[in-house]
Each structure stands twice: as C-alpha cells, then as structure tokens.
Amino acid sequence: MPSISDCKCVLVVGATSGIGRSLALAIHALPSEPTVIVAGRRQDRLEQLAKEGARIRTLQLDVTAPRDALKSAVQRVVSTYPDLDAIVFSSGVQHQFDFTKPESVDLEKLETELLTNYTSVTRMTSFFLPHLLKLSEQGRPSFLVPITSSLVIVPGPWVPNYSATKAALHSFALSLDVQLHGTNVHVAEIFPPLVESELHDHQGTTPRLSKVWMPLTQFTAEAMEGLQSGAVQVPVGDARGTWDTFEKGKLEKMEESFKRITSL
C-alpha cells in the first residue's frame, strides 16, 4: 500500500500555523527526504518556516482568492514542481454563531468559513487532479489529504457552520475516494480531535480549551503514523472512538452502492 512516505514533493496548504505547520515539518523529516512546499497567506511566517529545513519551499497563497486566480496559482505550482505528488489541505477558520440571536450572525464570516473550509478545497482538488491523474497513468501514486474534524461525526452546536463545512468536506472526501478507486490517486482523510491550535484565539476560548485539548506534538505523531501506514481514514485521539461508532464501514458500503448503481 503506497503512503505519504513514498512522496517526492508535498504541498501543505495552510502551513503557517498549527496542524499544517506541524505536519509540514514532520513530512520534511521523513527518511525519503521529500521537497515540502508550505503555502499560506502570511509571508513573514512562510519565511520563518523556510529556515526550518533545506527542502522547504514557500508559496504565498490565499485560498479565498477568486476561482480563476486560484486556478492560475495551482497551474504555476504544478509547472514549477512537476514531481508534486501530495497535497495536504490544512487551511481552516472557525467561528461561533448563535442562531437563537439571528441578528448577531455575521453572514460575511459565515460565508468565508464555507469558502475557506470547503469550497476552496473542492476547487483546488479539481485544479490539481489533471496533474495527479497524469502521474497515475505513469504508474506513480499520489495523495490528496483533506483535514476534517471529529465534529464531522458529532457536530459541535457552538460552531454550527464550522461543523457543517467540515462535514461537507468529509462527504466529498468519501465520494472522491470511491470515484478515484482504480486510479493511483489516493485520498487520506485526517480526523483531528480538539487540538492545540491558534484556531480558537480570536474566539477567546483558548484559555478554557487549552485545559483539555490534545497537544500538537502528540497529534502530529499519531497522524503521521496513520499516513505512513497507508490508511485511507486517519482518526486521531478522541476522534477514534466516535469514528469507530459512527463511521467504520461506511466507505465500504459506499463502494458497494457505487458498483451497484454504475452497473445498471
């Protein structure tokens, strides 16, 4: 079974902090010595990250950019790095919304959350797939690695839109995995639990959540173990229990259903 350990060049989208940054450094440290492209909006952080390893390259990228601009950026990446064989989608934003007070719901933030967490990933997936499918035809494995959340399984009512965007991404990842069966393009979805992150800073919840969240180093070690094993789905920490209860076997059922429908 191919795994992230086999990759020559990995792009981590959303690598300037948290999970994305930590995974980028862990991938860079693999014995296979891949080139790691770190992408994000904050150029100063990208430059700092580039100092962490000789094979780290930087890419300033705003995933909320207009569709054509995002497509052009993807095409430049593929042209510059023809060995690119894995994309990790780690960009994310999270807001709290209280729909019992509808006047307080900021629709601009809500729609940006949807664009960042879901729509941008589907767009980039569409833009990267021609390149990855070409690698597949050459016999080379490649990977799409969406990072979702344990909240796709049991939603968090305090972050209703975030939970919905990640649930949409999870559903997309499952369907993509089934559609790409038979190619050498693999989908490996990571389900983090509550993890040490800057994601919560602007909400003012960091002091409370930091008492119970999973340390970033522990999360990274477990996520990398799953990725290196070639697993299609990688629930980490507390997410494993809810995944076992509600998600185990779903992908296999989808594959059976897909075969039945497409054979009609």
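Throughout, residues of each chain are indexed from 1 in the direction in which the sequence is written. Per-residue local features are limited, in this predicted model, to residues with pLDDT of at least 70; the limit for side-chain atom pairs, both in listing and counting, is 80 or more; totals at the level of whole chains, interfaces and linings are taken over all residues. Excluding hydrogens and water, the side-chain figures rest on all heavy atoms present in the structure.

Summarising burial for strand E5 (residues 142-146): five of the five residues are buried, a large majority. A two-sided burial pattern is seen for E5, the buried positions comprising Ser142, Leu144 and Pro146 on one face and Phe143 and Val145 on the other. In this scheme, strands are said to pair when DSSP sees at least two bridges between them. Every helix listed is a DSSP run of H or I at least four residues long, and every strand listed is a run of E at least two residues long, numbered separately from the N terminus. Sheet topology note: the strand E4 (residues 84-89)/E5 ladder contains four bridges and is parallel. In the sheet register, alanine 86 faces E5, and the bridge partner there is phenylalanine 143. Between buried and exposed lies partly exposed: a residue is buried under 20% and exposed over 50% of the maximum accessible area for its type, with that area taken using a 1.4 Å probe on protein chains only.

UniProt positions are given in the numbering used here, feature names are shortened, and annotations may be inferred rather than shown by experiment. Residues given the UniProt feature "domain: Ketoreductase" (unreviewed entry) here are residues 8-191. With 46% helix and 18% strand, residues 8-191 has its two end C-alpha atoms placed 24 Å apart.

Glancing now at the environment of glutamate 222. Tracing the backbone shows glutamate 222 in helix H7 (residues 216-229). A sequence separation of 175 residues divides glutamate 222 from glutamate 47, and the C-alpha atoms of the two residues are 27 Å apart. Residue contacts are counted whenever heavy atoms from the two residues lie within 4.5 Å of one another. The contact partners of glutamate 222, leaving out residues within four places of it in the chain, are Met214, Val234, Val236, Gly237 and Arg240. The term polar contact refers here to a pair of N or O atoms within 3.5 Å; inside protein, the definition further demands a hydrogen-donor-capable atom paired with an acceptor-capable atom, and it admits residues adjacent in sequence only when both atoms are side-chain atoms. Of the polar contacts made by the side chain of glutamate 222, one reaches the side chain of arginine 240; its length is 2.8 Å.

Here we take up the environment of threonine 119. Inspection of the secondary structure puts threonine 119 in helix H4 (residues 107-137). The class of threonine 119 is partly exposed, set by a relative accessible area of 22%.

Attention shifts here to the nonpolar core. The definition of a nonpolar core used throughout is a set of buried Ala, Val, Leu, Ile, Met, Phe, Trp, Tyr and Cys residues joined through side-chain atoms within 4.5 Å. Counting 32 residues, the largest nonpolar core has Val12, Ile27, Val38, Ile190, Phe219 and Leu227 as the members making the most contacts within it. Listing elements by their share of this core, those giving two or more residues are strand E1 (9-13), helix H1 (18-28), strand E2 (35-40), helix H2 (43-50), E4, E5 and H7. In this view, phenylalanine 219 contacts Ile19, Ile190, Pro192, Pro193, Val195, Met214 and Val236; residues no more than four positions away in its chain are not counted. Grouped together as the second largest cluster of nonpolar side chains are 31 residues, Ala39, Leu59, Phe127 and Leu180 included.

Turning our attention to the packing of aromatic side chains. Think of it this way: a Phe, Tyr or Trp ring, Trp meaning its six-membered ring, pairs with another when their centres are within 6.5 Å, and the plane angle makes it stacked under 30 degrees, edge-to-face over 60, tilted otherwise. In this structure the tally under the stated criterion is one aromatic pair. Summarising the aromatic geometry, the rings of tyrosine 118 and phenylalanine 172 are spaced 6.4 Å apart at their centres and angled 90° between planes, so their arrangement reads as edge-to-face. Linking tyrosine 118 in helix H4 with phenylalanine 172 in helix H5 (residues 160-179), this pair joins segments that are 54 residues apart in sequence. With a relative accessible area of 23%, tyrosine 118 lands in the partly exposed category. A relative accessible area of 24% places phenylalanine 172 in the partly exposed class.

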